[in-house]
Amino acid sequence: METNKKRHIIVTILLVIWTIIRTAFVTYAVIFTIVATILIYKGYVYFNYYYNEHLMKPLNDVKQLKTENPPESAYMTQHRDRNGPAFVQRRQAQEDHEDRKAVQQGRLRTGLPFL
């Protein structure tokens, strides 16, 4: 009978230890799952923000311009007060210079026979 009581005490102690270990593992699994879910959600929110604000911004701006055309673009605003971009002004200056040369040469040619 003594051996039977010792076995019963040992089995009871082992069952208690097994229950504590099993409870610890289940608690760890639940806590790990909750923390992992929160971190995954925060990562998703951050990635979604980064994706929309940085990676998709040019595409979203173009899509917005397809539906909402501004009365004046940024390019037009920048060059409104000037007579156009620098290359257009340079081209006009070259044309004006060529016209002046032609007029001066034409005057000289017509004036030569009269002298």
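One can find the structure itself at the top, above this paragraph.
Residues numbered from 1 in each chain as written. Predicted model: local features only at pLDDT ≥ 70, side-chain atom pairs only at ≥ 80, totals over all residues. Heavy atoms only, no water.

1. Looking at the overall build of the protein
The helix and strand inventory of the protein stands at 4 helices and 0 strands. Ordering the α and β elements of the protein from the N terminus gives α-α-α-α. Looking at the protein residue by residue over its 115 residues, the buried ones come to 3%. (Helix = DSSP H or I, 4+ residues; strand = E, 2+ residues; numbered from the N terminus. Buried < 20%, exposed > 50% of the residue type's maximum accessible area, 1.4 Å probe, protein only.)

2. Details of a nonpolar patch on the surface
A cluster of nonpolar side chains, contributed by Ile9, Ile10, Ile13, Leu14, Ile17, Trp18, Ile21 and Phe25, occupies part of the molecular surface with about 830 Å² of accessible area. In this structure, isoleucine 9 sits in helix α1 (residues 2-55). (Patch = residues over 30% accessible without salt bridge, like charges linked within 9 Å, V, L, I, M, F, W, Y side chains within 5 Å. Areas by Shrake-Rupley, 256 points an atom, 1.4 Å probe, with all protein chains shown as cover. Salt bridge = Lys/Arg side-chain N within 4 Å of Asp/Glu carboxyl O.)

3. Notes on the pattern of salt bridges
Inspection of the entire model under this criterion finds 1 salt bridge. Its salt-bridge partner being aspartate 61, residue lysine 57 comes within 3.8 Å of it at the nearest N-O pair. Note that lysine 57 and aspartate 61 are positioned in helix α2 (residues 57-67) at a spacing of 4 residues, about one turn of the helix. On the basis of relative accessible area, lysine 57 is assigned to the partly exposed category, the value being 42%.

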